[in-house]
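Chain by chain, the residues:
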Amino acid sequence: RERLSFYEDLYRDIFALTGTPQRILDIGCGLNPVSMPFMHLKDIHYLASDFTQLDCDFLQQYFDVMQKTFSVHGKVVQLDLLEDSDLEKLKRIEPVDVCFMFKLADILDRKRHKRSELVIRAVPAQYVVVSFSTKTISGQAMDRPRRGWFEMMLKRLGYSYDLIEKKNEIFYVVKK
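As a starting point, this report considers the structure included with it. (Residues numbered from 1 in each chain as written. Predicted model: local features only at pLDDT ≥ 70, side-chain atom pairs only at ≥ 80, totals over all residues. Heavy atoms only, no water.)

**A look at unusual backbone geometry**
Stage number 1. One non-glycine residue with positive phi stands out, namely His40, at about 55 degrees.
Stage number 2. A relative accessible area of 56% means that His40 is categorised as exposed.
Stage number 3. The phi dihedral of Lys103 falls on the positive side, at around 55 degrees, and the residue is not glycine.
Stage number 4. Looking at the secondary structure, you find Lys103 in the loop between strand S4 (96-102) and helix H4 (105-111). (Buried < 20%, exposed > 50% of the residue type's maximum accessible area, 1.4 Å probe, protein only. Helix = DSSP H or I, 4+ residues; strand = E, 2+ residues; numbered from the N terminus.)

What follows is the structure, given as structure tokens:
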């Protein structure tokens, strides 16, 4: 709901940088795959992953319906990326064109230092799109919405990035 006003522009901007994907991985996805119609993609393979089985079950039902109507090949896997065994599973996923990590890095790094770095390195994709909120929990705009720690990490890893800024979220389009 929070991205509804800019989803089409967001995906257009992302794909202008990454090229039109045929395979997408969406980790820590929540209900983001429901925005797939805003991508305007044909014959897409979409692998979604979330922590909760309930969300995974719902999304698999959604993909099953979408496959009947659109040319979507969707699959859902449950992954807890705070677990080393699930991080290993992520490494073995078939390569994709683009990986979405929307509002996931801050969550990953709350419990384990540098966990988002391990996840980004493990993702089998040339492009990883990582987003962060630009508002505080109380809804106020952050003084510094860019994540300096994240930009320093990308530089250290030798990854380049472009920024896409929207009204309540900043997106790093990372090229590995």
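**Regarding the sheet that holds strand S2 (residues 44-50)**
Stage number 1. Reading across the sheet, the seven strands line up as S3-S2-S1-S4-S5-S7-S6 and stay open at both edges, with mixed pairing between neighbours. Edge positions in the sheet fall to strand S3 (72-78) and strand S6 (160-165), since each of these pairs with one other strand and no more. For this sheet the average axis-to-axis angle between neighbouring strands, irrespective of direction, equals 20 degrees.
Stage number 2. Judged from the seven bridges that link them, strand S5 (residues 125-133) and strand S7 (residues 169-175) form a sheet pairing that is antiparallel. What sits directly across from Val128, in S7, is Val174.
Stage number 3. Across the sheet, helix H2 (residues 53-69) touches S2 and S3, and the angle it forms with S3 is around 170 degrees. (Pairing = 2+ DSSP bridges. Axes fitted to C-alpha atoms, helices over the stretch in contact; angles between N-to-C directions. Contact = heavy atoms within 4.5 Å.)

**Focus: the side chain of Asn168**
Stage number 1. On the secondary structure map, Asn168 appears in the loop between S6 and S7.
Stage number 2. With near-sequence residues (within four places) excluded, Asn168 lies in contact with Glu2, Phe6, Phe132, Ser133, Thr134 and Lys135.

**Side note on the packing of aromatic side chains**
Stage number 1. Taken as a whole and assessed by the stated rule, the structure comprises 14 aromatic pairs.
Stage number 2. Taking the centre distance of 6.0 Å and the plane angle of 85 degrees together, the rings of Phe132 and Trp149 count as edge-to-face. Of this pair, Phe132 sits in strand S5 while Trp149 sits in helix H6 (residues 148-157), and the two are 17 residues apart along the sequence.
Stage number 3. Residue classification places Phe132 among the buried positions, given a relative accessible area of 1%.
Stage number 4. Looking at Trp149, the relative accessible area reads 37%, which means it is partly exposed.
Stage number 5. Ring geometry for Phe132 and Tyr172: centres 5.8 Å apart, planes at 90 degrees, overall edge-to-face. (Phe/Tyr/Trp six-rings, centres within 6.5 Å; stacked < 30°, edge-to-face > 60°.)

By themselves, these observations are geometric and do not establish any function.
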